[in-house]
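Letter by letter, the chains look like this.
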Amino acid sequence: MFQDVPYDVLRLFFEHLDKESLLNVVLINHTFNEAASPALYSNILLEFVSSGWRNSSVPEGLRRNPFQAFERRPELRNAVRDVAITRGIIFNPSKYFLIK
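In this text the structure is predicted, and so the values were computed from the model without any measurement.

Undergrad: I'd love a proper account of the pattern of salt bridges, names of residues and values included.
TA: The full count for this structure, using the stated rule, is two salt bridges. Salt-bridge contacts for Arg 73 lead to Glu 34; the nearest nitrogen and oxygen are separated by 3.5 Å. One end of the pair, Arg 73, is in the loop between α4 (66-72) and β3 (82-87); the other, Glu 34, is in helix α3 (residues 30-40), and 39 residues separate them in sequence. Residue class for Arg 73 comes out buried when judged on its relative accessible area of 17%. Note that Arg 73 is salt-bridged to Glu 75, the shortest N-O span being 2.9 Å. Residue Glu 75 is classed as partly exposed on the basis of its relative accessible area, which comes to 41%.

Reading the values: rules and limits
Residues numbered from 1 in each chain as written. Predicted model: local features only at pLDDT ≥ 70, side-chain atom pairs only at ≥ 80, totals over all residues. Heavy atoms only, no water. Salt bridge = Lys/Arg side-chain N within 4 Å of Asp/Glu carboxyl O. Helix = DSSP H or I, 4+ residues; strand = E, 2+ residues; numbered from the N terminus. Buried < 20%, exposed > 50% of the residue type's maximum accessible area, 1.4 Å probe, protein only.

Any functional reading would require information that these geometric values do not contain.
Right, dumping it as structure tokens:
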């Protein structure tokens, strides 16, 4: 079904998906990965934590360092439209409060 959809239409369609859906779409096949990746990297929220940079614009379990993706696929750099940078603070409440 989707093999008949033009590539440009796929890209437009993927621009309207949320990050979690895009992360699933890029795993379907090579064509979907190529078409959906620009939408996935269009808005990046970088958070610096003690272990280094992480991308906070995707769900916790699926976060990856976007700089590694840009190194592997330099064309994705052109897809970035918005970058926000924060300093993440890892706070462990059990260290400071008694939790029963």
